[in-house]
Amino acid sequence: MTSPNYAVVAIGNAIVDILAPATDEFIADNGMTKGAMQLVFSPEEADALYAKMGPGQEISGGSAANTIAGIASLGGKCGFIGQVADDQLGAVFAHDIRAAGIRFDTATRPGQPTTGRCLIFVTPDGQRTMNTFLGASHYLPAAALDRALIADAHYLYLEGYLWDPEEPRAAMRAAIDVARAAGRKVAFTLSAEFVIERHRGAFHELIDHGLIDVLFANEAEIMSLTETADVEAAIAAVQAKVPLLVVTLSERGALAIAGGERVHVPAAPVEKVVDTTGAGDLFAAGFLHAQAEGRDLAQSLRLGAICAAEVISHFGARPQVDLKQLAAESVG
């Protein structure tokens, strides 16, 4: 088996985040659940909500795309597979991801729907309430996969959010087969409780069949997957089924379990939480980058915590400093 040229190749939603501050009253008045993510199923609904937003910032997003942007900032060679439409937001996304040094060759999709967007309302406490219109991302076909690129990466990283629609789900199943055939590892993030509720059986099937090498979850997600109200019981139910389980615990830090070894690190300090968008995405970036470099679990967790702390200190889910330099100062 030849050594891969890429650290990580990810498949995920290709969307543009539009962030604006909002009050708790605005969140309640518009029927949103504070701190949660809900899907917007029509461009008309997305336009109506967008019209209610105050002045905002447009920043390329998407969970796996954010993770890949973090890995690129850390100096990792990586690629992204995701679909945008042939429109202005699609051009913004493609420019941003390529400008970060990430390989992105997925062809644009002509016609409707438009490029995906996520309308994010950030309350004064830093909590983000997301309203996501998946748009063209929803229709990523298996034919769009760059199979040679997937086979040339140490890790294939998949986001649970994209498991919901039928075409991307089929594409990700095909990508897993490509990675497995090439002897590469597959990392999967559960993404959100609503995704787990819709696809719990399929996720258990992936895990039980040994198709996932690294599973990322937060405590709510791991409990939802196992349908238990106790996080330790949930961890115990999953840890023997995946080679590496990583669970983030919010302000209590994060833990990783592999081969009977369990390691916990505290959350990295942050002066002020401005926007929690992308915290999990950047944690995964730091962790996977360290793993691809052969670091141990403790070093990988620490780098993940450092990357997460950086991204919650400002608006947006992409790093605003040189993470490579930050990592050198903090982890070594």
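Throughout what follows, the structure given in this document is the object of discussion. (Residues numbered from 1 in each chain as written. Predicted model: local features only at pLDDT ≥ 70, side-chain atom pairs only at ≥ 80, totals over all residues. Heavy atoms only, no water.)

Describing helix α7 (residues 193-208)
Okay, so step 1: Taking 1.5 Å as the rise per residue, α7 with 16 residues should run 22 Å; its terminal C-alpha atoms sit only 19 Å apart, a clear shortfall.
Okay, so step 2: Of all the bends in α7, the greatest, near 80°, is centred on His 199.
Okay, so step 3: Turning to α7, its buried residues number three or more, namely Val 195, Ile 196, His 199, Arg 200, Phe 203, Leu 206 and Ile 207.
Okay, so step 4: Buried residues along α7 sit in contact with α6 (166-181), β10 (185-189), β11 (214-218) and α8 (219-226).
Okay, so step 5: After α7 finishes, the residue Gly 210 shows a positive phi value of roughly 70°. (Helix = DSSP H or I, 4+ residues; strand = E, 2+ residues; numbered from the N terminus. Expected span 1.5 Å × (residues − 1). Bend = angle between axes of the 7 residues up to and from the residue. Buried < 20%, exposed > 50% of the residue type's maximum accessible area, 1.4 Å probe, protein only. Contact = heavy atoms within 4.5 Å.)

Some remarks on unusual backbone geometry
Okay, so step 1: In this model, Gln 112 is joined to Pro 113 through a cis peptide bond whose omega is 0°.
Okay, so step 2: Of note, Pro 113 is situated in the loop between β6 (103-104) and β7 (115-122).
Okay, so step 3: With a phi close to 75°, Ser 191 is a non-glycine residue in the positive phi region.
Okay, so step 4: Along the chain, Ser 191 turns up in the loop between β10 and α7.
Okay, so step 5: With a phi close to 55°, Glu 227 is a non-glycine residue in the positive phi region.
Okay, so step 6: As for its placement among the helices and strands, Glu 227 is situated in the loop between α8 and α9 (231-238).

What about the side chain of Thr 132?
Okay, so step 1: Topologically, Thr 132 is positioned in strand β8 (residues 128-135).
Okay, so step 2: When its relative accessible area of 5% is taken as the criterion, Thr 132 is described as buried.
Okay, so step 3: If near-sequence neighbours (up to four positions away) are discounted, Thr 132 is found in contact with Ile 15, Met 37, Gln 38, Leu 39, Val 40, Arg 117 and Cys 118.

Observations regarding the environment of Ala 181
Okay, so step 1: Looking at the secondary structure, you find Ala 181 in helix α6.
Okay, so step 2: Accessibility expressed as a relative area gives 71% for Ala 181, which makes it exposed.
Okay, so step 3: Remark: the alpha-carbon pair of Ala 181 and Glu 271, spanning 90 residues in sequence, is separated by 45 Å.

Some thoughts on the packing of α8 against α9
Okay, so step 1: Axis separation between α8 and α9 bottoms out at 9 Å; the angle between their running directions is 65°. Pair α8 / α9 crosses with left-handed handedness. Residues Glu 219, Ile 222, Met 223, Leu 225 and Thr 226 of α8 form the contact with α9, whose own contacting residues are Val 231, Ala 234, Ile 235, Ala 237 and Val 238.
Okay, so step 2: Considered class by class, the residues forming the contact of α8 with α9 number eight nonpolar, one polar and one charged. (Axes fitted to C-alpha atoms, helices over the stretch in contact; angles between N-to-C directions. Left-handed = near helix turned anticlockwise from the far one by under 90°. Nonpolar A, V, L, I, M, F, W, Y, C, P; charged D, E, K, R; others polar.)

Comments concerning the packing of helix α10 (residues 279-292) against helix α11 (residues 297-311)
Okay, so step 1: With their axes 7 Å apart at the nearest point, α10 and α11 run at an angle of 145° to one another. For the pair α10 and α11, the crossing hand works out as right-handed. Side by side, α10 and α11 meet where Ala 279, Leu 282, Phe 283, Gly 286, Phe 287, His 289, Ala 290 and Gln 291 of the first sit next to Leu 297, Ser 300, Leu 301, Leu 303, Gly 304, Ala 305, Cys 307, Ala 308 and Val 311 of the second.

Side note on the pairing of strand β1 (residues 6-11)
Okay, so step 1: Most of β1 is tucked away, with six of its six residues classed as buried.
Okay, so step 2: For β1 and strand β9 (residues 153-159), the ladder comprises five bridges, and the chain directions are parallel. If you follow Ile 11 over to β9, its bridge partner there is Leu 158. (Pairing = 2+ DSSP bridges.)

Regarding the sheet that holds strand β3 (residues 37-39)
Okay, so step 1: The strand order across the open sheet built from five strands is β3-β8-β7-β2-β4, with neighbouring strands paired in mixed fashion. Unpaired on one side and paired on the other, β3 and β4 (57-61) mark the two borders of the sheet. In this sheet, neighbouring strand axes are inclined to one another by 25° on average, regardless of whether the strands run parallel or antiparallel.
Okay, so step 2: Here β7 pairs with β8 via seven bridges, running antiparallel. When the sheet's bridge partners are listed, Ile 120 is paired in β8 with Met 130.
Okay, so step 3: Packing of helix α2 (residues 43-52) onto the sheet brings it into contact with β2 (15-21), β4, β7 and β8, and relative to β7 it is tilted by some 35°.
Okay, so step 4: Along the sheet face, helix α4 (residues 88-99) touches β2, β4 and β7 and points at about 60° away from the line of β4.

Regarding the sheet that holds β9
Okay, so step 1: Sheet architecture is open: nine strands sit in the order β6-β5-β1-β9-β10-β11-β12-β13-β14, paired in mixed fashion. Only two strands of the sheet have a single neighbouring strand rather than two, namely β6 and β14 (261-265).
Okay, so step 2: Taken together, the three bridges between β10 and β11 define a ladder with parallel strand orientation. Counterpart to Thr 189 in the pairing with β11 is Phe 216.
Okay, so step 3: Set on the sheet, α6 makes contact with β1, β9 and β10; between it and β9 the angle comes to about 160°.

Comments concerning the pattern of salt bridges
Okay, so step 1: With the rule as written, the count across this model stands at 13 salt bridges.
Okay, so step 2: In this structure, Asp 47 engages Arg 117 in a salt bridge whose closest nitrogen and oxygen atoms are separated by 3.0 Å. Here Arg 117 lies in strand β7 and Asp 47 lies in helix α2, a separation of 70 residues in the sequence.
Okay, so step 3: The partly exposed category is assigned to Asp 47, whose relative accessible area is 39%.
Okay, so step 4: In this structure Arg 117 comes out as buried when scored by relative accessible area, which is 10%.
Okay, so step 5: A salt bridge links Glu 232 to Arg 262, with the nearest nitrogen and oxygen atoms 2.8 Å apart. (Salt bridge = Lys/Arg side-chain N within 4 Å of Asp/Glu carboxyl O.)

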